[in-house]
Amino acid sequence: QVQLVASGGGLVQPGGSLRLSCVASKSIFSVNWMGWMGWYRQAPGKQRELVARITNGGDTNYGDSVKGRFTISRDSAKNTVYLQMNSLKPEDTAVYYCSVDSRVTSGIYWGQGTQVTVSS
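If you're wondering where the values come from, they're calculated on a predicted model, not measured in any experiment.

### Describing the pattern of salt bridges
For the structure shown, the criterion picks out 4 salt bridges. For K67, the salt bridge identified is with D64, shortest N-O distance 3.1 Å. On the basis of relative accessibility, which here comes to 65%, the residue D64 falls in the exposed class. It is possible to trace a salt-bridge network through shared partners that takes in R41, E49, R69 and D92.

Take a look at the structure:
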């Protein structure tokens, strides 16, 4: 089991930036526990979609709508994954969820969402 705590959401104007953080309750990077860790988002009336993921090996992949604007990174010592969001657009408004996939338990764990609102 692992708990994930996401933070960093808020209200930002179009073109602005935010950085989301997701802290895991255990050391998931150092013992090959993790398959991938990343962010999904869900806007009102829409399905949850991939934003960005990073694998245990450091490979990344991004949703098409955020490529070139968002960057996912990790700090293994802090058990934390970050999502740097630049050039934000109103269509980026959503609840952002942190998630991790375990190679050990074959489970996917979700944190609480953090609201990101892009509006002038």
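### Examining the environment of A6
On the secondary structure map, A6 appears in strand β1 (residues 4-7). We classify A6 as buried; its relative accessible area is 7%. Separated by 30 residues in the primary sequence, A6 and W36 place their C-alpha atoms 16 Å from one another. Aside from chain neighbours lying at most four places away, what touches A6 is S21, C22, W39, C98, Q112 and T114.

### Observations regarding the environment of Y62
By the element assignment, Y62 lies in strand β6 (residues 60-62). Once residues within four sequence positions are removed from consideration, Y62 is found in contact with V51, A52, K67, F70, T71 and I72. From its side chain, Y62 meets the backbone nitrogen of I72 in a polar contact 2.9 Å long.

### Quick notes on the nonpolar core
Across soluble globular proteins, nonpolar side chains have a tendency to be buried as a group. Of all hydrophobic cores here, the largest spans 32 residues; its most connected members are I28, M37, W39, L83, M85, Y96 and V100. Only β1, β3 (18-24), β4 (34-42), β5 (49-55), β7 (70-75), β8 (80-85), β9 (94-102) and β11 (114-118) provide two or more residues apiece to this core. Ignoring any residue separated from it by four or fewer positions in sequence, one finds M37 in contact with L4, C22, A24, I28, F29, R53, I54, I72, V81, C98, S99 and V100.

Conventions and cut-offs
- Residues numbered from 1 in each chain as written.
- Predicted model: local features only at pLDDT ≥ 70, side-chain atom pairs only at ≥ 80, totals over all residues.
- Heavy atoms only, no water.
- Salt bridge = Lys/Arg side-chain N within 4 Å of Asp/Glu carboxyl O.
- Buried < 20%, exposed > 50% of the residue type's maximum accessible area, 1.4 Å probe, protein only.
- Helix = DSSP H or I, 4+ residues; strand = E, 2+ residues; numbered from the N terminus.
- Contact = heavy atoms within 4.5 Å.
- Polar contact = N/O pair within 3.5 Å; in protein donor to acceptor, adjacent residues only side chain to side chain.
- Core = buried A, V, L, I, M, F, W, Y, C linked by side-chain atoms within 4.5 Å.

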